[in-house]
Amino acid sequence: MRVANSLCLLLPLLFAGSESTSAYLTVQQVDSSDMSAVCVVQNSCVLEGVQLTVHIGNMKNTAPILSDSDKQALLQFGKPNRIDFVALSFTRSAQDVKDARAYLDKIGMSEVKIIAKIENMEGLVNYREIMEQCDTMLLSRGSMGN
């Protein structure tokens, strides 16, 4: 498992899976030289599927809200198909919504509504400011490990 630079030894728990298939991991060791972590699984479960998501509690994500591939998809699929909504996964702040809106405006998709998906603690803490910027909001409990 690869981990970001800012993972600290104080972080006791990682979570992977969904509401029905979850692995609760306790961090035993972090190696900053190769950015890896050694973890112990604390429960029995089956993790299935093509993609699994790992949630690292209390870690700040600094990635832009729209990746280059997101922007490309909006231009190549969203715009020609006149989509009505864009769902912003893992919305963390009002700035995330503002950045997405600015991009949509820039490419001539000003009419598209933004759904802010609150899927982590940072988004939950900032939900009021996010609500002021988005058109609608979705709270994803399962993504937060509950």
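Along every chain, residues carry numbers that run from 1 in the direction the sequence is written. Note on the predicted model: pLDDT of at least 70 is required for a residue's local features to be given, and 80 or more for side-chain atom pairs to be given and counted; whole-chain, interface and lining totals, by contrast, use all residues. Hydrogens are left out, water is left out, and the side-chain values use all remaining heavy atoms of the structure.

A. Expanded view of the overall build of the chain. Only DSSP runs of H or I covering at least 4 residues are called helices, and only runs of E covering at least 2 are called strands; the numbering of each starts at the N terminus. Looking only at helices and strands, the chain has 4 helices and 7 strands in total. Per-residue accessibility, obtained with a 1.4 Å probe over protein chains only, is compared with the maximum for each type, and a residue is labelled buried under 20%, exposed over 50%, and partly exposed between these values. By the burial criterion, 31% of the 146 residues in the chain qualify as buried. Sequence-distant contacts, at least 24 apart, represent 56% of the contacts inside the chain between residues at least 6 apart. Accessible area for the chain stands at about 9500 Å²; split by element, carbon and sulfur atoms hold 51% of it. When checking whether two residues touch, look at their non-hydrogen atoms; a contact exists if any pair is within 4.5 Å. With residues, only the protein chains shown are counted as cover, and all accessible areas are computed by Shrake-Rupley using a 1.4 Å probe.

B. The arrangement of the nonpolar core in detail. In plain words, nonpolar cores are sets of buried Ala, Val, Leu, Ile, Met, Phe, Trp, Tyr and Cys residues tied together by side-chain atoms within 4.5 Å. Ranked by size, the top nonpolar core spans 18 residues in total, and within it Leu66, Leu74, Val86, Leu88, Val97, Leu104 and Met109 carry the most contacts. Breaking this core down by element, the ones donating at least two residues are strand E5 (85-88), helix H2 (94-106) and strand E6 (113-118). Here the element with the most residues in this core is H2; it accounts for 4 residues. Other than its neighbours up to four places away in sequence, Leu104 contacts Leu74, Val86, Met109, Ser110, Val112 and Ile114.

C. Looking closely at H2. A helix is expected to span 1.5 Å for every residue after the first. A rise of 1.5 Å per residue sets the reference length of H2, with its 13 residues, at 18 Å; its end C-alpha atoms lie 18 Å apart and thus fit the reference within 8%. Within the sequence span of H2, burial applies to Ala94, Asp96, Val97, Ala100, Tyr103 and Leu104. On its buried side, H2 packs onto helix H1 (68-78), E5, E6 and helix H4 (127-133). Positioned one or two residues after H2, Gly108 has a phi angle of 80°, which is positive.

D. Layout of the side chain of Glu119. Note that Glu119 resides in the loop between E6 and helix H3 (121-125). Here Asp and Glu are counted as negative and Lys and Arg as positive; His is not counted, and neither are the chain ends. Only one rule defines a salt bridge in this text: a Lys or Arg side-chain nitrogen within 4 Å of an Asp or Glu carboxyl oxygen. No salt bridge is formed by the buried Glu119. Its closest oppositely charged neighbour is Lys117, at 4.1 Å. Whenever two N or O atoms come within 3.5 Å, that pair is a polar contact, provided that in protein one can donate a hydrogen and the other can accept it, and provided that, for residues adjacent in sequence, both atoms are side-chain atoms. A polar contact is formed between the side chain of Glu119 and the backbone nitrogen of Phe90, at a distance of 2.8 Å.

E. Here's a closer look at the pairing of E6. One bridge is not enough; two strands pair if DSSP finds at least two bridges between them. Here E5 pairs with E6 via 4 bridges, running parallel. Its bridge partner being in E6, Ala87 is matched across the sheet by Ile115. By the bridge criterion, 4 bridges tie E6 to strand E7 (residues 136-139) in an arrangement that is parallel. Of the residues in E7, the one forming a bridge with Ile118 is Leu139.

F. Just the side chain of Ser140, in detail. By the secondary structure assignment, Ser140 is in the segment after E7. On the accessibility criterion, Ser140 (17% relative accessible area) is buried. Those residues in contact with Ser140, other than ones at most four positions away along the chain, are Ile118 and Glu119.

G. Representation of the pattern of salt bridges within the structure. On inspection of all chains with the given rule, the structure shows 3 salt bridges. Residue Asp96 pairs with Arg92 through a salt bridge whose shortest N-O separation is 2.9 Å. Here Asp96 matches Arg92 in class, with each residue buried. Where Arg101 meets Asp135, a salt bridge forms, and the shortest distance between an N and an O atom there is 3.5 Å.

Nothing here speaks to function; it is all geometry.
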